[in-house]
Each structure stands twice: as C-alpha cells, then as structure tokens.
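Here are the chains, one letter per residue:
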Amino acid sequence: MKQLARRITGTSKKSFGMYARAAASGRDDLIHMELGKPFADTPQHIKDATIAAIQAGKVHYSDLPGILTLREAIAAKLARQNAMDVTPDQVVVTNGLTHGSYAALMAFIDDGDEVILLEPYYPQHIGKIELAGGVPVPVPLDAANDYAIDLAAIEASITDRTKMIVLINPCNPTGRVYSHEELTALADIAIRHDLIVVSDEVYEEIVYDEARHISIASLPGMAERTVTLFAFTKSYAMDGWRIGYLAAPKAAIGAILKITANDVTHVNTFIQEGALAALNGDPAVLAELIADDRAKRDRVVTRLNQISGVTCPWPQGTIYAFPDISALGLTAQNMAERLMDEAGVVVEAGSFYGAAGEGRLRLCFGALSLEEIDQALDRLAAFVRKL
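The structure presented is a predicted model; accordingly, all values stated were derived computationally and were not measured. (Residues numbered from 1 in each chain as written. Predicted model: local features only at pLDDT ≥ 70, side-chain atom pairs only at ≥ 80, totals over all residues. Heavy atoms only, no water.)

(A) Representation of the overall build of the chain within the structure. Within the chain, the secondary structure is distributed over 13 helices and twelve strands. Taken against the 2.2 N^0.38 rule, which gives 21 Å for 387 residues, the C-alpha radius of gyration of the chain at 21 Å falls within 12% of a compact globule. In terms of overall dimensions, the chain has a C-alpha envelope of 60 × 55 × 55 Å along the principal axes. Looking at the chain residue by residue over its 387 residues, the buried ones come to 54%. (Helix = DSSP H or I, 4+ residues; strand = E, 2+ residues; numbered from the N terminus. Rg over C-alpha atoms; globule rule 2.2 N^0.38 Å. Buried < 20%, exposed > 50% of the residue type's maximum accessible area, 1.4 Å probe, protein only.)

Put into structure tokens, the structure is as follows:
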C-alpha cells in the first residue's frame, strides 16, 4: 500500500475516550454516562412525517443546500428564536452539527492558519481543524472562575496567523451558558482582529433556571463573520438521524456548498421532512423533553454534592455535569478508568477535553433514566467511600 496522506499520518490520533475503552471491554453490566446521546425516543410526530414522506415518494435527489421548505422554516426559527436575520439561501442543511463544522472549517482554513479553541474544548474540533491544515490553539479557561471567557488570555493567544475562534455555547463539557457581556467582549475581539467565529450551538434549547442562550451572530458586526451551527440531535432526540444545519454570510455559502456537495451531495431527502415537522410541531413536545433533562440534572448534581470529596457546580445548560473530583487524589483519567473497572460506571475524564479539564469528570445525565441515574450514583458513591 502507498503511504497514507499526511493529513492522516501527520495529525492527532482520533480518540473516542472512555467510550472506546468500554466498548472493548465486552462487559454488559456497565452503566453508560460517557456518551452525549439523548435517552428519549424521537417524538412520534417527527417519525410520522418522515414515514409519510417515504410513502409519498420523497425518496429522490434533493436541493444541495436542503429542501426549500425546511430552509424557510429554519430562517423563520432563527429570526424568532435567535434574533438572526438570515434568508433561506444563507442556510445549509447538514448531516448533523459535526458535518456542518467540518464544512465550515474546510471552507475557511488554510495550511498554517491558527484556530483558537476555548478549553475545555470539544475534541472533535481539534481533528477537523488539523484535517483542514490548521493549527489548534487552546486557550485554557479557569475552573475557579466558573470557566468564564478569559478575554486577556484570548488576546494573548492571537498572532498574525490567527484566523478563527471556535465557540461552544452552551458549552460541552462545562455546562456554561455564556452571558451577553462575555459574548459582546468576544465579538469585540473578533471584529478588532478580523477573525471568523464558528459557533457550535447544538445545546441552544437545553438551558436551565435563569440562563438565556444568545447567538453571537445576533450581536452587532457579527453576522458577516460568523458561521453558526445547529442540530436536531439533542433537543429533539434525533442523534441517529444525523441532521443539522448552519447559517452563514451569503459570501460564504458557495464555499461551504463546495465542501458539502463533494462529501455528501445533500442530506437524506425524507429525513428533512422529519426535521421540518420538528420545527413546526407543538412546542410542548420540546418543553417536555427539556423538563426531563432538568429533572435529571437536579438529581445528578444534588447527589454528586452529597458525596464526600466531590463538588459539582450546577450546569446552566447541556446534558452534562462536570464535577470536581480533585480532592479524591486521583487524576481524572485514573478516576474514570477505575470507576469503569471497579464500579461499572462509564464516565469521561475531564482531561479528555484538554488540560483545563483535569480534576473533573463529565457525566451525561441526559443519556439515562432517573432510575439508571440513581443506580449509577449509588455505585459512584460506594466507590468513593472505598478510596
């Protein structure tokens, strides 16, 4: 075989973290809190619309950027919910948010371009930046400051090669929902340094208490320099459907379509009808799904804070808890491995999301029932008592 491409051999090895370790174990007694997937089934009206589309013969090629009715509904939703003024021709339907971020990075990043990531970061962004030829530049955020956006650290990391900032809001893994003040200051940096922002907002719907999600593209001067990424994955329990969308400046759409048309042509036609039903459906369905996540958050965080040596802040959004286990005297990775091996609970090490996540674990409460959550926390508490 000829040598593999340097984009493969010269970039970071792909890691699936504790998910891969659990899969390789062959054990069927594990409780899985490591993978960020919804517990709920996809709502029935979404399934029904998809089945009806198949029966109606909507099984052939579609528009490259996505069916027009879906893009119109997305544009209306973005105006109503995100304060983003976009037209349907600024929307591209994608195979999930992962595909959207890949297309955005491939469209903008040249060899050697630097891309700032707020750390803890989402590891998949590292791999896609490198595949595009870019250089990831993690900017550590301080756990003692609740992982607030550190403007001074971002400014200090900008060089003449910096081209982009990748933002996750609400943030996986920390659960932060960034404030208007934080986003305004970050927008000021992007404008002053002429940077592109790629904003991953897959958890936009899943916010709690007084937190309010704000799309950075809605702020003054940001619409023309932001690619915003969304998906139906988490909010509508459609992870296996692989459908999302992005909104971008008109000048960028042709470049993004050059990527998507070459890697997938377009998203599955009849699944787009299901996504349209999700957007146009009864809002009470979405509210019920989010209320379920809130109840699970409350159960997990309350119980974690009852374990000696463990402290857990209340996530403002997402489906993850990010407890501090540094007082237990184990590294995050060691703790995660021992929890799986000795207690049968699979969680992700905070260090999987960069050095700023050391001393933390990421637990996905959205992936389990309340009964399974109690069982997992019973096992975790018993394990800690033995330390």
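(B) Here's a closer look at empty space enclosed by the protein. Applying the stated rule across the entire model yields three cavities of 30 Å³ or more. Along its surface, the largest cavity is lined by 14 residues, and Pro38, Ala40, Lys234, Leu289 and Asp293 are the ones closest to its centre. (1 Å grid on protein atoms, 1.4 Å probe; cavity = no way out; pocket = protein on both sides within 12 Å on 5 of 7 lines; lining within 4 Å. Points joined across faces, edges and corners; volume = space filled by probe spheres on them.)

(C) Geometry of the environment of leucine 370. Relative to the elements of secondary structure, leucine 370 occurs in helix H13 (residues 370–386). Taking relative accessible area as the criterion, leucine 370 reaches 24% and is therefore assigned partly exposed. Sequence separation of leucine 370 and threonine 159 is 211 residues, and the distance between their C-alpha atoms is 47 Å. Other than its neighbours up to four places away in sequence, leucine 370 contacts Ala295, Lys296 and Arg299. (Contact = heavy atoms within 4.5 Å.)

(D) Highlighting a nonpolar patch on the surface. On the surface, Leu4, Ile8 and Leu131 cluster together into a nonpolar patch covering about 260 Å² of accessible area. On the secondary structure map, leucine 131 appears in helix H6 (residues 123–131). You can call leucine 131 partly exposed: its relative accessible area is 31%. (Patch = residues over 30% accessible without salt bridge, like charges linked within 9 Å, V, L, I, M, F, W, Y side chains within 5 Å. Areas by Shrake-Rupley, 256 points an atom, 1.4 Å probe, with all protein chains shown as cover. Salt bridge = Lys/Arg side-chain N within 4 Å of Asp/Glu carboxyl O.)

(E) Molecular detail of the sheet that holds strand S11 (residues 348–349). Taken in spatial order, the three strands of this open sheet run S9-S12-S11, and their pairing is antiparallel. Looking at which strands have only one partner, the edges of the open sheet turn out to be strand S9 (320–321) and S11. Strand direction decides the pairing type here: S11 and strand S12 (residues 361–364), joined by two bridges, are antiparallel. Each residue of the ladder has a partner; that of glutamate 348, found in S12, is arginine 362. (Pairing = 2+ DSSP bridges.)

(F) Representation of the side chain of threonine 260 within the structure. Looking at the element boundaries, threonine 260 is found in helix H9 (residues 250–263). For threonine 260, a relative accessible area of 3% translates into the label buried. Discounting chain neighbours no more than four positions away, the residues touching threonine 260 are Val92, His99, Ala103 and Thr265.

(G) A look at the pairing of strand S2 (residues 91–94). Going residue by residue along S2, you find Val91 and Val93 tucked away on one face and Val92 and Thr94 tucked away on the opposite face as well. Where S2 lies against strand S8 (residues 244–247), four bridges are found, and the strand directions are antiparallel. Within the sheet, the bridge partner assigned to valine 93 lies in S8 and is tyrosine 245.

(H) Structural context of the environment of isoleucine 109. Residue placement: isoleucine 109 occurs in the loop between helix H5 (96–108) and strand S3 (114–119). The class for isoleucine 109 is buried, based on a relative accessible area of 4%. Linking isoleucine 109 and lysine 13, residues 96 residues apart in sequence, is a C-alpha distance of 20 Å. For isoleucine 109, the contacting residues outside a window of four places in its chain are Val115, Ala132, Gly133, Gly134, Lys163 and Met164.

(I) Local environment of the pairing of strand S4 (residues 135–140). In the sheet, S3 pairs with S4 via six bridges, with the strands oriented parallel. Within S4, the residue paired with leucine 118 across the bridge is valine 139. For the handedness criterion, the β-α-β arrangement of S3, H6 and S4 is classed as right-handed. (Right-handed = clockwise from strand over helix to strand, strands pointing away.)

(J) Main features of the side chain of asparagine 82. Tracing the sequence through the fold places asparagine 82 in helix H4 (residues 68–82). Judged by its relative accessible area of 4%, asparagine 82 falls in the buried class. If we ignore the near neighbours within four places in the chain, the residues touching asparagine 82 are Lys77, Glu201, Glu204, His213, Ser215, Ser218 and Phe230.

(K) Broad picture of the nonpolar core. Within the largest apolar cluster, 98 residues are counted, with the highest numbers of intra-cluster contacts made by Leu70, Phe232, Ile243, Leu304 and Met335. The biggest single contributor to this core is H13, with seven residues. Tyr147, Ile149, Ile154 and Ile216 belong to the second-largest nonpolar core, a separate cluster that totals 25 residues. (Core = buried A, V, L, I, M, F, W, Y, C linked by side-chain atoms within 4.5 Å.)

(L) Local environment of the sheet that holds S8. Taken in spatial order, the seven strands make up an open sheet running S2-S8-S7-S6-S5-S3-S4, and their pairing is mixed. Across the chains shown, the open sheet's two edge strands, defined by having one partner strand only, are S2 and S4. When strand polarity is set aside, the average angle formed by the axes of neighbouring strands in this sheet is 20 degrees. The pairing of strand S6 (residues 196–200) with strand S7 (residues 226–231) spans four bridges and is parallel. Residue pairing for S7: aspartate 200 is matched across the bridge by leucine 229. With respect to the sheet, H5 is in contact with S2, strand S5 (162–168), S6, S7 and S8, its orientation differing from that of S7 by roughly 160 degrees. (Axes fitted to C-alpha atoms, helices over the stretch in contact; angles between N-to-C directions.)

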